[in-house]
Amino acid sequence: MSHPASRPRLNTAAVLPRIGAAVVGGYALAWGFITLTIASLVAAGVDYDDAWMLAMMVAFLLYLGAFLWSFTTRSAWLAWVVLLGAGGLMTGTAHLLARGIPGVA
Amino acid sequence: MAWLHTWFGLVLGFVLMVAFFFGALSVFDREFDRWTQPATRFAAQPMPSFDRVLHPVFEGIVEPDPEERAAAEDRVGGALPARLPVSEFSAYTTHRDPVLEAYVAFDVPNSPLDHDHAYGHRTIDPRNGQDLANGDLKVGSEFFYPMHFSLHLEWKELGYWIIALAAMTMLAALVSGVVIHRKLLRELFTFRPQRLRQRAVLDLHNLSGVVALPFHFLFAFTGLVIFADIYFPVSETQLRAVHDAHERIEAEHTGLPHDPAGVPAPLASVDAMVRDAQARWAARGMAGEVGFLYVAHVGDANGYVSVYRAGTDRIALTGQGIHYRASSGELIREDPPESAISSVNEFLTGLHLQHFRHWALRFLYVFGGLAGCVCIATGFLFFVEKRKAQHARAGLGGARLVDALAVATVTGMVIATLSLLVANRLLPVELEDRNLWQKGVFWLAWIAAGVHAYWRTRPTLEGRDSPAWAEQCLAVGVLAPAAMLLNWTTTGDHLLATIARGYWPVAGVDIALLTTGGAALWAARTLRRRALSFSTTAVQT
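This one's a predicted model, so the numbers in the text were calculated from it and none came from an experiment.

Draft legend 1. Geometry of the overall build of chain B. Summing up its helical and strand segments, chain B has 20 helices and seven strands in all. Taken over C-alpha atoms, the radius of gyration comes to 26 Å for chain B, in line with the 24 Å a tight globule of 541 residues would show. Overall, chain B is about 90 × 55 × 50 Å in size when its C-alpha atoms are taken along their principal axes. Put simply, of all contacts in chain B between residues at least 6 apart along the chain, 68% involve residues at least 24 apart. A total accessible area of about 24600 Å² is found for chain B, and carbon and sulfur atoms account for 64% of it. Looking at chain B, you have 46 positive and 52 negative side-chain charges, and the mean spots of the two groups are 15 Å apart.

Draft legend 2. How the structure looks around the confidence of the model for chain A. For chain A, per-residue confidence averages 89 on the pLDDT scale, and 89% of positions sit at 70 or higher. Considering only residues more than four positions removed or in separate chains, one finds that residues 1-8 of chain A, a stretch of pLDDT under 50, has eleven contacts.

Draft legend 3. Region of interest: the packing of aromatic side chains. Residues and elements named next belong to chain B. Per the stated rule, a full pass over the model turns up 38 aromatic pairs over all chains. On the numbers, 6.5 Å between centres and 85° between planes, the contact of Y103 with Y119 is edge-to-face. With Y103 in strand β2 (residues 100-107) and Y119 in strand β3 (residues 117-124), this residue pair connects regions lying 16 residues apart in the sequence. On the basis of relative accessibility, which here comes to 30%, the residue Y103 falls in the partly exposed class. For Y119, a relative accessible area of 30% puts it in the partly exposed group. The structure contains a cluster of three or more aromatic residues connected by ring pairs, namely F21, F22, F32, F143, F144, F442, W443 and W446. When the ring centre of F42 is taken as origin, the NZ or CZ atom of R127, which lies over that ring, is 3.6 Å away.

Draft legend 4. Geometry of helix α11 (residues 240-254) of chain B. Compared with the 21 Å implied by 1.5 Å per residue over 15 residues, the 21 Å span of α11(B) between its first and last C-alpha is a close match. Residues of α11(B) that are buried: B:V242, B:H243, B:D244, B:A245, B:H246, B:A251 and B:T254. Packed against the buried residues of α11(B) are α1 (12-43), α2 (48-69) and α3 (76-99) of chain A together with β7 (331-334) of chain B. Just downstream of α11(B), B:G255 is the residue with a positive phi angle, here 80°.

Draft legend 5. Summary view of the pattern of salt bridges. All names here are of chain B. All chains considered together, the criterion is met by 25 salt bridges over all chains. Measuring nitrogen to oxygen at the nearest pair gives 2.8 Å for the salt bridge that ties R122 to D131. R333 is the partner of D335 in a salt bridge, and the nearest nitrogen-oxygen pair spans 3.7 Å. A relative accessible area of 24% places D335 in the partly exposed class. Bridged by salt links that share partners, the residues D29, R30, E31, R96 and D97 form one connected network.

Draft legend 6. Representation of the sheet that holds β2(B). All names here are of chain B. Spatially, β3-β2-β1-β4-β5-β6-β7 is the arrangement adopted by the seven strands of the open sheet, whose pairing is antiparallel. The sheet is open, and its two borders are formed by β3 and β7, each paired with just one other strand. Strand-to-strand twist of the sheet, defined as the mean angle between neighbouring strand axes without regard to direction, takes the value 15°. Where strand β5 (residues 304-310) and strand β6 (residues 318-325) come together, six bridges link them in antiparallel fashion. By the bridge assignment for β6, A310 is matched with T318.

Draft legend 7. Structural detail: the pairing of β2(B). Residues and elements named next belong to chain B. Among the eight residues in β2, six count as buried, and that is most of the element. Pairing analysis gives six bridges linking strand β1 (residues 86-92) to β2, with the strands arranged antiparallel. Paired with E88 across the strands is A105, a residue of β2. One ladder, built from eight bridges, connects β2 with β3; its direction is antiparallel. Residue pairing across strands places E101 opposite T123, the latter belonging to β3.

Draft legend 8. Spatial organisation of unusual backbone geometry. Residue and element names in this part refer to chain B. The backbone of H152 sits at a positive phi, close to 60°, despite the residue not being glycine. The topology assignment puts H152 in the loop between α5 (139-150) and α6 (158-181). Despite not being glycine, Q320 has its phi angle at roughly 45°, a positive value. Looking at the secondary structure, you find Q320 in strand β6. Residue classification places Q320 among the partly exposed residues on the basis of a relative accessible area of 21%.

Draft legend 9. Structural detail: a nonpolar patch on the surface. Residues and elements named next belong to chain B. Residues W359, F363, L364, F367 and L370 make up a contiguous nonpolar surface patch of roughly 520 Å² in combined accessible area. Position of F367 among the secondary structure elements: in helix α14 (residues 359-394). Under the relative-accessibility criterion, F367 is labelled exposed at 53%.

Draft legend 10. Up close: the environment of B:G397. Summarising the element assignment, B:G397 is placed in the loop between α14 and α15 (398-426). In this structure, the C-alpha to C-alpha distance between B:G397 and B:L461, residues 64 residues apart in sequence, is 6.2 Å.

Draft legend 11. Fine view of the pairing of strand β4 (residues 290-296) of chain B. All names here are of chain B. When you tally the buried positions in β4, you get six out of seven residues, the bulk of the element. Bridging between β1 and β4 involves four bridges; their strand directions are antiparallel. By the bridge assignment for β4, F89 is matched with V295. Strand direction decides the pairing type here: β4 and β5, joined by six bridges, are antiparallel. When the sheet's bridge partners are listed, L293 is paired in β5 with V307.

Draft legend 12. Structural detail: the nonpolar core. Formed by 112 residues in total, the largest nonpolar core has its most connected members in A:I38, A:F60, A:F67, B:F22, B:F144, B:F232 and B:L513. Here this core takes 16 residues from helix α1 (residues 2-26) of chain B, the largest share from any one element. A:I38 has contacts with A:Y48, A:A51, A:W52, A:A55, B:V234 and B:L239, leaving out every residue within four places of it along the chain. In this structure, B:L80, B:A118, B:V305 and B:I322 belong to the second largest nonpolar core, which totals 32 residues.

About the cut-offs
Residues numbered from 1 in each chain as written. Chains lettered and ligands numbered in written order. Predicted model: local features only at pLDDT ≥ 70, side-chain atom pairs only at ≥ 80, totals over all residues. Heavy atoms only, no water. Helix = DSSP H or I, 4+ residues; strand = E, 2+ residues; numbered from the N terminus. Rg over C-alpha atoms; globule rule 2.2 N^0.38 Å. Contact = heavy atoms within 4.5 Å. Areas by Shrake-Rupley, 256 points an atom, 1.4 Å probe, with all protein chains shown as cover. Lys, Arg positive; Asp, Glu negative; His and termini not counted. Charge placed at Lys NZ, Arg CZ, Asp CG, Glu CD. pLDDT = per-residue confidence, 0-100. Phe/Tyr/Trp six-rings, centres within 6.5 Å; stacked < 30°, edge-to-face > 60°. Buried < 20%, exposed > 50% of the residue type's maximum accessible area, 1.4 Å probe, protein only. Lys NZ or Arg CZ within 6 Å of the ring centre and 35° of its normal. Expected span 1.5 Å × (residues − 1). Salt bridge = Lys/Arg side-chain N within 4 Å of Asp/Glu carboxyl O. Pairing = 2+ DSSP bridges. Axes fitted to C-alpha atoms, helices over the stretch in contact; angles between N-to-C directions. Patch = residues over 30% accessible without salt bridge, like charges linked within 9 Å, V, L, I, M, F, W, Y side chains within 5 Å. Core = buried A, V, L, I, M, F, W, Y, C linked by side-chain atoms within 4.5 Å.

In structure tokens form, the structure reads like this:
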């Protein structure tokens, strides 16, 4: 690790997009996961508070996974596309599901 | 992964250090409250009678606290009427609280939030209902504790978000640290203080990281879960309709009205309800201390009273709630056993907040928190030691800047904390804005320590050891025993007296002060000796 060639170097141009993907992309993924989990569980008859708690506990672990993964992908843009795409897809599905839940205007 | 560990650890390590240190202090927040508020140095009290003690206190709270009003006006986007309708009464206590916090929730009209409230509160002596140290800064629970999770940056809840990013980074640093090393078991038994300094520092970094790894992971994770509602406000935004529908169904199901009826109604004897609740707990073989008492829709026909059992004997904060109609005292409902998911959630958050009675675990938390501080501090030291010679040759200031920030964060933070305790004992009781002065001393001492750290780390620029560490250790070594002595002279509660009386909240803080001072003086002496021996060898060669 102390060999000069392998020493971690700060290359801003290469690194900023990855940090962005980790923080913002990870957040979007977690948001999508939370809303989809709550909406689908509530639609399946699970209590809202239970669904909320389960979604939150898993979401932070998922966020952590996405966060770390953003630094291991071949390209930062891949991380951006996958995380925002999956997050957006889940958020949209949650929105549609939520409209079908009884009692929701 | 190595890159991630180094740079994220460096940038957010400073925030994490604050979170860990003040988290460790917050484990004993009530004890710091006692130390800083001599008038409240008496035994913890149970929840007092509602009818005789609490009710008049609640009636006497006629408006929200000024900060609460300001925050509510922020949410509404305009001024609120002078008089706000009273909505709820509540009081919470634990097995470590001699004084009681009584809260009144006022309705906030025209708020974008559902059931939005602004709170007014008073601190009372539960033995007689009189104000006690009301309005005085509770240094432990109102200053150290919020520092731990909000950095006292209330604007737009910015502090919470910075802490969250730091917690997420902590989790990432732990996982990436494990990926870097992989030889966890060996790290646990490896510490070679006599070896090269850089090696010894790295050993200690790995050791402190690994020994408390489960603790660190669990606390960063549960910390995020505790404030999940702030970080992912789905219930107020995207899923608001689902959430509100659930609340209406829930209210029908439980029989606990969601909204007031708009019809005035009197309040029956709450003490009778509490006695009934205690009899019901006793029938289930449970201890009968009340932890949380709550009156919803005050003065309304839909009003109800909830009595929750204290969390002294289990992980969850409170529970086994029993609910009564406020106007008649008739039983509405007993909470059913928690669902599996809710039990897991309560276990995780309760484990972090630790309001239950378990002193051994309480001390382990402090050691876990301090192990985190050691891990982060040695991370900084390793960063500096590894680079300072190289930066000196290249004429770079990076190693020095990190060294200065490390000194300011590690010893500077301790100096600021001790200065606050010293100021607490020195500032006259009748001083106007005494709370502000105490906080001001804290921040000014920290800034001064930061300036000193930058000035006295200049030798790091040339690849040498800086005297900043030793000098600030010396300051800690002077301030800590000074705080203890000032406690003695201003209150008469010296260590022998408090130990003889078995009054551990104050004795414990005093012992911690002495230990801190002793350790800091030893560190200062060791650093100074080493600096001397280095400079003599340098002269000889």
